[in-house]
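# Examination of the molecular architecture
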Amino acid sequence: MKQLLVVNLCKMIRNLIVIFLFPVSLIAQIHSKSQKAVSISGGMMDRFSRNKGDNSAVWLNIAVSKYNSRSGGIRYGLNFQEKYYETIIQKRIPVNQYFGEVGYGFELTKSRSKRFYLNAHVSGLVGYESINNEKKEVGTTLFIQNECKILVGMQLYTEVEMILSTKTSFILSVGQIWTPTSDLQDFHSKVGFGVRLNYF
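In short, a report on the structure. Here the structure is a predicted model, which means the values were calculated and not measured.

Moving on: the overall build of the protein. A tally of helices and strands in the protein yields two helices and ten strands. Its helices and strands in sequence order give the protein the pattern α-α-β-β-β-β-β-β-β-β-β-β, from N to C terminus. For the protein, the residues scored as buried account for 40% of the 200 residues in total. Counting contacts in the protein only where the partners sit at least 6 residues apart, residues at least 24 apart contribute 59% of the total.

Put into structure tokens, the structure is as follows:
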């Protein structure tokens, strides 16, 4: 009896190792043609600090994608960014940016087990920039001359995707946003992490 338990335990450990190193079911279902996914991610931008100091910023992205092949697919998303700027009177003002995006993501390379992917994404952006919550006055002595305005731009980033199951991936990303129509800043660097849910 004891010997049988040991044999069964060894078989179970062996099966777990095989599933981890050679995830056949993952290969069959992740990045399949016509598969749809929802991604939720966020992180820091420009000055990588949790404190609301000068040039500190955070971002959030929600996107829906559809693979038209195993190596890539189209992507639609919504982006929110909030950044703080220090004024000459030592008061910080928030600048919020809201974007809609349409782009394409594609696979650069993957591990032999197909558990890790390196992907790239490029998107066109259209959005709106709100400076100091639409308020012109900062305290009693400073007035903001920059105008809130419509933004257009592009986003380019790479991500490492780690397959956790047949339905879920963990993603780490780093990228650049270019918004030439902004009155304050053209380029933003961003890092972050999130999850991708392949349930559709």
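Across 14 bridges, strand 5 (residues 116-131) lies against strand 8 (residues 149-163) in antiparallel orientation. Bridging across to strand 8, Leu118 finds its partner in Val160. Where strand 8 lies against strand 9 (residues 168-178), ten bridges are found, and the strand directions are antiparallel. Bridging across to strand 9, Leu156 finds its partner in Gln176. If you look at the hairpin formed by strand 8 and strand 9, you'll find four residues sitting between the two strands.

What follows concerns unusual backbone geometry. Positive phi values are uncommon outside glycine, yet Lys114 reaches one of about 60°. Looking at where Lys114 falls in the secondary structure, it is placed in the loop between strand 4 (92-110) and strand 5. Looking at Lys114, the relative accessible area reads 28%, which means it is partly exposed.

Tallying each qualifying case throughout the model produces five salt bridges. Linking Asp46 and Lys83 is a salt bridge whose minimum nitrogen-to-oxygen distance equals 2.6 Å. Placement of Asp46 in strand 1 (residues 36-46) and of Lys83 in strand 3 (residues 72-86) is noted, with a sequence separation of 37 residues between them. Take Asp46: its relative accessible area is 22%, and that puts it in the partly exposed class. Ionic pairing is found between Lys110 and Glu107, a salt bridge with its closest N-O pair at 3.0 Å.

Summarising the sheet, strand 1 and strand 2 (residues 56-69) pair through eleven bridges and their orientation is antiparallel. Bridge pairing in strand 2 places Ser41 opposite Asn61. Sheet topology note: the strand 2/strand 3 ladder contains twelve bridges and is antiparallel. Each residue of the ladder has a partner; that of Leu60, found in strand 3, is Phe80.

If you walk around this closed barrel you meet the eight strands as 1-2-3-4-5-8-9-10, and the pairing is antiparallel. Ignoring which end each strand starts from, the neighbouring axes of this sheet average 25° apart.

Quick look at the side chain of Ser65 now. Positionally, Ser65 belongs in strand 2. Exposure remark for Ser65: the relative accessible area of 13% places this residue in the buried category. Ignoring any residue separated from it by four or fewer positions in sequence, one finds Ser65 in contact with Gln35, Lys36, Ala37, Ile74 and Arg75.

Quick notes on the rules
Residues numbered from 1 in each chain as written. Predicted model: local features only at pLDDT ≥ 70, side-chain atom pairs only at ≥ 80, totals over all residues. Heavy atoms only, no water. Helix = DSSP H or I, 4+ residues; strand = E, 2+ residues; numbered from the N terminus. Buried < 20%, exposed > 50% of the residue type's maximum accessible area, 1.4 Å probe, protein only. Contact = heavy atoms within 4.5 Å. Pairing = 2+ DSSP bridges. Salt bridge = Lys/Arg side-chain N within 4 Å of Asp/Glu carboxyl O. Axes fitted to C-alpha atoms, helices over the stretch in contact; angles between N-to-C directions.

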